[in-house]
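# Tertiary structure, described
For reference, the chains in residue letters:
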Amino acid sequence: SGREFAGRVAWDFVFTPWLGGSLSAGYADYNAKKAWESYGELQLGASLNVYFDFSPFVKEQKSALVLAASYLRTNYSEPDPVVDPDTKRRDRDYRLSLTGSLPLTESIALIVQGGYARRDSTLPNYDFTNWFGMTALAWRF
C-alpha cells in the first residue's frame, strides 16, 4: 500500500477531417511502504489517427486506424534487497501499436490491435520483448 501522485497533459490536433493526432506527457510518483517498491515514472506518448469512410454495416460512422507510440522512464528509489541489494532498478519501456476500429452497429464496433513492447532494465529479470495482438468488441452508450 502507499500513495500515488500523478499529473498528465495531452494535446489533440486536427490536421484535416480525416487526420488527427495527439501528444501527451505525464509524471507519476508511487510511494510505497518499502522504498524499493517506490518509484517515479515519466510518461511520453504520441499518436496519429486516420479516419475513413469504410463500414459496410454503418454508413454514418467512420472507421479508424490509430498508430501510437509511448516511452516510459521509471526510476526506483532504492535497490530491492531480495533481488539485488547493489543495483537500483531503472526501467525504460518502448511501446508501438496499431489499432483499427470498424463500426458494426450504431453502438458496437470491432476493435483489432497489434503491437510491440520492449523493456530495458538495470535488472535483467525485468527485461522483456513482447509482440501482442487483441480483438475486442466495444460498446458505446
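Above this text you will find the structure in question.
All values reported here derive from a predicted model rather than from experimental measurement.

### With respect to the overall build of the chain
Across its full length, the chain carries zero helices and seven strands. Going from the N terminus to the C terminus, the chain shows its helices and strands as β-β-β-β-β-β-β. Taking 141 residues into account, the globule formula puts the C-alpha radius of gyration at 14 Å, and the chain, at 19 Å, lies well above it. Projected onto its principal axes, the C-alpha positions of the chain cover 60 × 30 × 25 Å. Residues counted as buried form 28% of the 141 residues belonging to the chain. Within the chain, residue pairs in contact and separated by at least 24 positions form 48% of the contacts whose partners lie at least 6 positions apart. On the chain, roughly 9400 Å² of surface is accessible, and the fraction owed to carbon and sulfur atoms is 60%.

### Section: the packing of aromatic side chains
The tally for this structure, following the rule as stated, stands at six aromatic pairs. Centroid distance Y30 to Y39: 4.6 Å. Interplanar angle 40°. Geometry classified as tilted. Ring-pair connections join several aromatic residues into one group, and the members of that group are Y30, Y39 and Y76. Looking at R89, its charged tip hangs above the ring of Y126, at a distance of 3.5 Å from the centre.

### Let's talk about the pairing of strand 7 (residues 128-139)
Looking along a regular strand, one sees the side chains alternate between the two faces of the sheet. Counting buried residues along strand 7, only zero of its 12 residues qualify, which leaves the element largely exposed. Taken together, the 12 bridges between strand 6 (residues 108-121) and strand 7 define a ladder with antiparallel strand orientation. Note that in strand 7 the partner of A117 across the bridge is N130. Hairpin connection, strand 6 to strand 7: the antiparallel pair is bridged by six residues.

### What about the side chain of R89?
Relative to the helices and strands, R89 is located in the loop between strand 4 (63-76) and strand 5 (90-103). In terms of polar contacts, R89 uses its side chain to reach the side chain of D91, at 2.6 Å. Dropping the residues within four chain positions of it, R89 is found in contact with T74, N75, Y76, R119, S121, T122, L123 and Y126.

### Details of the sheet that holds strand 7
Reading across from one edge, 1-2-3-4-5-6-7 is the order of the seven strands in this open sheet, with antiparallel pairing throughout. Unpaired on one side and paired on the other, strand 1 (2-16) and strand 7 mark the two borders of the sheet. In this sheet, adjacent strand axes meet at a mean angle of 15° when their direction is disregarded. In the sheet, strand 3 (residues 39-52) pairs with strand 4 via 14 bridges, with the strands oriented antiparallel. Across the sheet, V50 pairs through a bridge with L65, a residue of strand 4.

### Considering the environment of F132
Its place among the elements puts F132 in strand 7. With 35 residues separating them in the primary sequence, F132 and S97 have C-alpha atoms 8.9 Å apart. Residues within four places of F132 in sequence aside, it is in contact with L96, S97, Q113, G114, G115, Y116 and A117.

Cut-offs applied
- Residues numbered from 1 in each chain as written.
- Predicted model: local features only at pLDDT ≥ 70, side-chain atom pairs only at ≥ 80, totals over all residues.
- Heavy atoms only, no water.
- Helix = DSSP H or I, 4+ residues; strand = E, 2+ residues; numbered from the N terminus.
- Rg over C-alpha atoms; globule rule 2.2 N^0.38 Å.
- Buried < 20%, exposed > 50% of the residue type's maximum accessible area, 1.4 Å probe, protein only.
- Contact = heavy atoms within 4.5 Å.
- Areas by Shrake-Rupley, 256 points an atom, 1.4 Å probe, with all protein chains shown as cover.
- Phe/Tyr/Trp six-rings, centres within 6.5 Å; stacked < 30°, edge-to-face > 60°.
- Lys NZ or Arg CZ within 6 Å of the ring centre and 35° of its normal.
- Pairing = 2+ DSSP bridges.
- Polar contact = N/O pair within 3.5 Å; in protein donor to acceptor, adjacent residues only side chain to side chain.
- Axes fitted to C-alpha atoms, helices over the stretch in contact; angles between N-to-C directions.

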